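One-letter residues, chain by chain:
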Amino acid sequence: MDCKPPTKSEPGCIRVDVDFWGADITIRHVTAESLEECQELCKETDGCVSLTYRPSSNSCWRKNKRGGLRGPSVKGGLVSVNMESGDTKSDQTCVEENSDYWGADLGGRRAINFDQCETFCRDTQDCVSITYRASDSQCWLKFNRFGSRGPSTGNGLTSLNMDCKPPTKSEPGCIRVDVDFWGADITIRHVTAESLEECQELCKETDGCVSLTYRPSSNSCWRKNKRGGLRGPSVKGGLVSVNMECGDTKSDQTCVEE
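All figures in this text were calculated on a predicted structure; none of them were measured in a lab. (Residues numbered from 1 in each chain as written. Predicted model: local features only at pLDDT ≥ 70, side-chain atom pairs only at ≥ 80, totals over all residues. Heavy atoms only, no water.)

A word on the overall build of the chain
Right, on to step 1. Scanning the chain from terminus to terminus reveals three helices and 15 strands.
Right, on to step 2. Taking as baseline every contact in the chain between residues at least 6 positions apart, the subset at least 24 positions apart corresponds to 69%.
Right, on to step 3. Accessible surface, the chain as shown: approximately 14200 Å² in total, 50% of it carbon and sulfur. (Helix = DSSP H or I, 4+ residues; strand = E, 2+ residues; numbered from the N terminus. Contact = heavy atoms within 4.5 Å. Areas by Shrake-Rupley, 256 points an atom, 1.4 Å probe, with all protein chains shown as cover.)

A short note on the packing of aromatic side chains
Right, on to step 1. In total, this model carries two aromatic pairs according to the counting rule given.
Right, on to step 2. A centroid spacing of 6.2 Å and a plane angle of 70° characterise the contact between Phe-114 and Tyr-132, whose relative ring orientation is edge-to-face. Within this pair, whereas Phe-114 is found in helix H2 (residues 114-122), its partner Tyr-132 is found in strand E8 (residues 129-133), the two being separated by 18 residues in sequence.
Right, on to step 3. Take Tyr-132: its relative accessible area is 5%, and that puts it in the buried class. (Phe/Tyr/Trp six-rings, centres within 6.5 Å; stacked < 30°, edge-to-face > 60°. Buried < 20%, exposed > 50% of the residue type's maximum accessible area, 1.4 Å probe, protein only.)

Focus: the pairing of strand E3 (residues 50-54)
Consecutive side chains of a regular strand alternate in pointing toward one face of the sheet and then the other.
Right, on to step 1. A large share of E3 lies buried, amounting to four of its five residues.
Right, on to step 2. With five bridges joining them, E3 and strand E4 (residues 59-63) adopt antiparallel strand pairing. Bridge assignment links Tyr-53 to a residue of E4, and that residue is Cys-60.
Right, on to step 3. What sits between the antiparallel neighbours E3 and E4 is a turn of four residues, in which Asn-58 has the positive phi angle 55°.
Right, on to step 4. The sheet contact formed by E3 and strand E5 (residues 72-82) spans four bridges and is antiparallel. Bridging from a neighbouring strand, Thr-52 pairs with Ser-80 of E5. (Pairing = 2+ DSSP bridges.)

Description of the state of the cysteines
Right, on to step 1. Evaluated as defined, the whole model comprises six disulfides.
Right, on to step 2. Linked covalently through their sulfurs, Cys-117 and Cys-139 form a disulfide whose S-S length is 2.1 Å. Around the S-S axis, the bridge from Cys-117 to Cys-139 shows a dihedral of about 80° and counts as right-handed. Linking Cys-117 in helix H2 with Cys-139 in strand E9 (residues 138-142), this pair joins segments that are 22 residues apart in sequence.
Right, on to step 3. A relative accessible area of 0% places Cys-117 in the buried class.
Right, on to step 4. Disulfide partner of Cys-203: Cys-209, at an S-S distance of 1.9 Å. (Disulfide = S-S within 2.5 Å.)

Structure, rendered in structure tokens:
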């Protein structure tokens, strides 16, 4: 008796020849005479946030996760929709060529090009970064910025954080040139950073990171869980070290005892 008009999606929300596999609300699909009717069924179903529709059989699958269980995949004859579009393209000034964000995968899938891989991430719940390989159209969606271990060199790979934050700038006084903060490393291996600023950004994005040491000659970045490393600073040429909280006010030296 409450006759609501059919829900219309914005054109940008409709993904043609794309499947949002899994995360189905019911074991079997329901029947809908059109995509609009499938959308209306989703709208009327508690917890439905996305759908996949097959026009040839009028099959409608309602989903409880954006992008289905593992995100979109290319599949002919299907049409998929997120009920809330989120269709604003990410800022791609952070695109990193020949860079791999290894690990933290939500799953791999084929994408026609980098832009479609980026669209798949926008359509996927919990996706915050991507790595794409153009040579075989492989797209990896990630649930961590920079993957699980930070950027590393990956020839032929292109990576992107969806939330493109500007690099963190340290005050000049916090930067210690030719100084090593040895030990207290958060990971066994270093990560790769193209600059000191990128190393600082990686530290900022890592839980428990309070300081770092960076080697510009090899782009090696060591993130630390203690100010000054394990045993405090030591002189070592070719390294640059930073405490994320500077604490650079000089102490009162009137108590110096000669």
